[in-house]
Structures are given as C-alpha cells and as structure tokens.
Amino acid sequence: MKMMLAILLTGILTENFVLAKFLGICPFLGVSKKLNTAVGMSAAVIFVMVLSTAVTYPINILLVKNDLEYLQTIVFILVIAALVQLVEIVLKKYIPALYNALGIYLPLITTNCAVLGVVLLNIENSYTFVQSVMNSLGAGLGFMLAMVMFAGVRERLESCDVPKFLQGLPITLIAASLVSVSFLGFSGIIEGIFG
Amino acid sequence: MAKKKGLLHEFTKGLVIENPVLRLVLGTCPTLAVSTSVESALGMGAAASIVLICSNIVISALKKVIPSKVRIPAYIVIIASFVTIVQMVVKAFAPQIDEQLGVYLPLIVVNCIILGRAEAFACKNSVIASAVDGMGMGVGFTAALLLMGAIREFFGTGAIAGMQILPESISPMLIFILPPGGFFVFGMLIACANKLADKKGLSKAELKGCEDCPMAGSCSIREEIENSQKAKKEDGKEAVNS
C-alpha cells in the first residue's frame, strides 16, 4: 500500500510527466489556453492512459512469452490507436454526455507521446499490474495538475505587458520553465515521506 | 535544371525557413528532453533523421496504394517499423546512446515531425523529392537539437561535447541541464528565431491548428474536430432559436 502511494505521488509531483519528463508537451502548450479545455483534455488523457496500461500489460506478457519483445513499439502504438477509436465509438453510443465532454480530445491522444511513454516506462520499470495502473494514474493526474496550473498562469499572462520579441510562444515557454522550477521543489519529498 | 533547383529548395527549406523545431514548432518533446548534452542531441537527431528519410521514401512510394481513409494508421505502422529497426541497431552498436535516450528512442514513433512530413509532403510528392525533404528536415531537426544541446551543456556543465571549456573554478549553472533550463533555452531560441524572421518579413513561429496543437497542424483529425465544433455551435444556435 505504501509502495502504491509512493508510485502515485512520484508520478504526480517529482517525476511529473510534462514538467520533468517532457512527455505530452504538445497538448500542454496547445490546449492550456483555457481552463475548461485543459481539464477536458487531461481527463481524456487520464482515461486513455489507465485503460491502455491495463490492456497492454497482458499483451506484453504474451509478447515476452513468445520472444517477440522487439515488436513492443509497433504493437503498443496500434493497440493504443485501436483502443482510442473503440472508446470513442462506445462513448458516442452509450454515454453521450461523457462523449460530448471528452470526445473531441480523444483522436488527438493517439499520437500523444505521454500515453505510449507511460506504457513503455511501466515495462522498463518492470512494474506489476497494479503498480502499472497506479503509475499511469499518477502520470495522468500529474499531467492534469500541470495543465490546470499552467492554464491559470496563461490566463494571467494574457493581461500582461510582454516585450514584443517574447510575445506568443517564447513567453509561454519561459512561463513553463518557471512552473517547472516550482516542481523542482518537490524533489526528495517522496523519500522524505516514505523513507 | 529547374528540377534540380527544386530539389535543392526542398533540402534547404528544412534547414532555416521551415526548420521543424524553431519555425514549425514540431517535435517539442524530444527537443526538450534529450538536449541536455551535445552527444545525446546528436544521437537523437541522427535516429530521428534516419526514420524520417526512410518513412518518407516508403510512404511516397506507397501513396497510390494506401487508401486515404486508413492512411494515418498505415503511416504509423510504417514509421513504427523503421523505429524498431533503428532501435535494434542502436542497441547493438551504440548501447551508450541507447541508455542516454532511454524511452525517447521508441517514442520517435509519435514524433510529430515524422507523421507531419508524411501527411504534409510525402503523400503528395515523388519518392526523390520526399527523400530530399526528409533529409532537409532531418538535418534541420538535428541542427536545432545540437544548438540547444550545446547551449545547455555549456551553461549547465561548463563543457561542450564533453570537453571542458570553462575553468573548474567557475561553478556551472546546473539549472540549465534540469527541466526548467530546457523550457527556458527553447523559449529564448524561439524568440531569436522570431526576431530574425521578423527582420526578413516572415511570419512568427506560432502553434497553429485545432486549439493550437502543433500535431494537429498536419493531422487529418483537425477537420473532423472543426466540423464537430461547428456542428455543436449550430446545434447551440438552433436550440436558442427554438
């Protein structure tokens, strides 16, 4: 249990996917302009991350059993792509309310490096099934935290007087750098809590 | 002669005017993640370039065979195959690079530059033009990575490509090789690129496409999203009217 909590908190705070591992930068910079789109996108990411981890875990066992580990990259990206399509169809048919909230973000997630990244990292760390799901949940929640915080920062940036040469993307990246500095402050906190 | 000039243009546009990193703002994840040193930047640049050139060639050769409805999954399979090959070669011959790049090596599959070029260029142009375009973009990507790697390594460790330049007595600014330094240096480089582009009368580097996602700038999903948003808006209007 302690271990699970440590994995979860590591994913959210110290090893934040966006701010420490640079995975999923595209949506982080692109969709974080407004708070509600940021929340919608990150909810969809959490959903797909956890689901694809749960699906790829048994597939990986099959691949390892048959000495086909080198197929991991191809198989996983295809599984994720198919899964996203499937989720989209199922949501559209049975839970239209959820589809309206997350639907437009789902197709974008197929080629989001954070999803493939978390699946590959789980295997690299040889996590068990529950640990893998926990890690994906932590990574997703960390993504959400970074997105929501950054959306707040950007909304304030809108009303700032920025030097002309920094306007637009450069100042956004520098703001991201400052948010990332604040996350450096969490380093060591997990070891501190769980010893 | 004109054709030759065209090919040269395909090559050089990737270097400066359409530099994938600094002008088109594609492939930001690997750019930020592996630019901590010149060595890993070079490894990443080379690996991504090889995948880009090979996938451009194959995709443009197969452009008449692949039905447009399933082109994105087909491109992903082609790209993933080349990434797997590169992964095996790197593991066998340069295990040190493999260690430095870690999970970012297989993640070349989802690098927006590669899928972006497939969608924007290779699926419409001849094999040779696509190969040259891939080379130009690959070299442009590698050059931008190297520039960033050199800056971050110099300020962060006082060395470039492992060679100590600053005397040991000056303590390096470690923050440059930590994640915040990546964002900061990238932001500054984009600002410089914008300034130069402004002087030449070119447009600023900007995230574009649906909700500003650079990936979507070249992906087919954009239209669907725009349509669904339009449909939603119209639905809303109808609801108000009724």
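Residues numbered from 1 in each chain as written. Chains lettered and ligands numbered in written order. Predicted model: local features only at pLDDT ≥ 70, side-chain atom pairs only at ≥ 80, totals over all residues. Heavy atoms only, no water.

Quick look at helix H4 (residues 71–93) of chain B
Helical geometry note: an α-helix holds 3.6 residues per turn, so side chains three or four residues apart project in the same direction. Taking 1.5 Å per residue as the helical rise, H4 of chain B with its 23 residues ought to reach 33 Å, and the 33 Å between its terminal C-alpha atoms agrees with that figure. Along H4 of chain B, the residues that are buried comprise Ile72, Tyr75, Ile76, Ile78, Ile79, Ala80, Phe82, Val83, Thr84, Val86, Gln87 and Val90 of chain B. Buried residues belonging to H4 of chain B abut helix H4 (72–94) of chain A together with helix H3 (38–61), helix H5 (95–101) and helix H6 (112–122) of chain B. (Helix = DSSP H or I, 4+ residues; strand = E, 2+ residues; numbered from the N terminus. Expected span 1.5 Å × (residues − 1). Buried < 20%, exposed > 50% of the residue type's maximum accessible area, 1.4 Å probe, protein only. Contact = heavy atoms within 4.5 Å.)

A few points about the interface of chain B and chain A
Counting residues at the interface gives 50 residues for chain B and 46 residues for chain A. In total, about 4100 Å² of surface goes out of reach between chain B and chain A, with carbon and sulfur atoms giving 77% of it. Asp198 of chain B is paired through a salt bridge with Lys164 of chain A; the nearest N and O atoms lie 3.5 Å apart. Here chain B and chain A share three residue pairs in polar contact (both at pLDDT 80 or more) between them. Of all elements in the fold, only helix H2 (28–33), H4, H6, helix H8 (179–199) and helix H9 (221–241) of chain B reach the threshold of two or more residues within the side of chain B that touches chain A. Among the residues forming the side of chain B that touches chain A, the class breakdown is 35 nonpolar, eight polar and seven charged. (Buried area = accessible area lost by both parts, 1.4 Å probe. Salt bridge = Lys/Arg side-chain N within 4 Å of Asp/Glu carboxyl O. Polar contact = N/O pair within 3.5 Å; in protein donor to acceptor, adjacent residues only side chain to side chain. Nonpolar A, V, L, I, M, F, W, Y, C, P; charged D, E, K, R; others polar.)

A look at the nonpolar core
Among soluble globular proteins, nonpolar side chains are generally buried collectively. Within the largest apolar cluster, 109 residues are counted, with the highest numbers of intra-cluster contacts made by Phe28 and Leu116 of chain A together with Leu107, Ile108 and Phe183 of chain B. Top contributing element to this core by residue count: H4 of chain B, with 10 residues. When near neighbours in sequence (up to four residues on either side) are disregarded, Leu107 of chain B contacts Leu23, Cys113, Leu116, Gly117 and Leu120 of chain A. (Core = buried A, V, L, I, M, F, W, Y, C linked by side-chain atoms within 4.5 Å.)

Here we look at a nonpolar patch on the surface
Together, Leu178 and Val181 of chain A together with Phe155, Met173, Leu174, Ile175 and Leu178 of chain B make up a nonpolar patch on the protein surface, roughly 590 Å² of accessible area in all. Here Met173 of chain B is to be found in the loop between strand S2 (163–164) and H8. Taking the relative accessible area as the measure of exposure, Met173 of chain B reaches 43% and is therefore partly exposed. (Patch = residues over 30% accessible without salt bridge, like charges linked within 9 Å, V, L, I, M, F, W, Y side chains within 5 Å. Areas by Shrake-Rupley, 256 points an atom, 1.4 Å probe, with all protein chains shown as cover.)

Section: the confidence of the model for chain A
When pLDDT is averaged along chain A, the result is 86; 98% of the residues meet or exceed 70. Here helix H6 (residues 106–109) of chain A stands out as the element of chain A with the lowest mean pLDDT, 74, in contrast to helix H8 (residues 129–157) of chain A, whose mean of 91 is the highest. (pLDDT = per-residue confidence, 0-100.)

A look at the packing of helix H7 (residues 127–157) of chain B against H8 of chain B
Residue and element names in this part refer to chain B. In contact at an axis separation of 10 Å, H7 and H8 are set at 125° when each is read in the N-to-C sense. By the criterion of interaxial angle, the relationship of H7 to H8 is oblique. Here the hand of the crossing between H7 and H8 comes out right-handed. The residues of H8 that touch H7, namely those facing Leu147, Met148, Ile151 and Arg152, are Gly181, Gly182, Val185, Phe186 and Leu189. A class-by-class count of the residues in the contact of H7 with H8 yields six nonpolar, two polar and one charged. (Axes fitted to C-alpha atoms, helices over the stretch in contact; angles between N-to-C directions. Parallel < 35°, antiparallel > 145°, perpendicular 65-115°, else oblique. Left-handed = near helix turned anticlockwise from the far one by under 90°.)

Quick notes on the environment of Leu106 of chain A
All names here are of chain A. Position of Leu106 among the secondary structure elements: in helix H6. Measuring from C-alpha to C-alpha, the distance between Leu106 and Ala6 comes to 29 Å, with 100 residues separating the pair along the chain. If sequence neighbours within four positions are ignored, Leu106 has contacts with Ala44, Val48, Val84, Val87, Glu88 and Leu91.

A look at the side chain of Ser49 of chain B
Residues and elements named next belong to chain B. Take Ser49: it is sitting in helix H3. For Ser49, a relative accessible area of 10% corresponds to the buried category. Those residues in contact with Ser49, other than ones at most four positions away along the chain, are Gly138, Val139 and Thr142.

Regarding the packing of aromatic side chains
Going through the model one piece at a time under the given rule, you end up with eight aromatic pairs over all chains. Seen from their ring centres, Phe28 of chain A and Phe183 of chain B are 6.4 Å apart, and the 50° between their planes marks the pair as tilted. Placement of the pair is Phe28 of chain A in helix H2 (residues 25–30) and Phe183 of chain B in helix H8, with the two residues belonging to separate chains. Every member of this aromatic cluster is reached through a ring pair, and the members are Phe22, Phe28 and Phe150 of chain A together with Phe183 of chain B. Geometry around Tyr94 of chain A places Lys93 of chain A over its ring, the cationic atom sitting 5.5 Å from the centre. (Phe/Tyr/Trp six-rings, centres within 6.5 Å; stacked < 30°, edge-to-face > 60°. Lys NZ or Arg CZ within 6 Å of the ring centre and 35° of its normal.)

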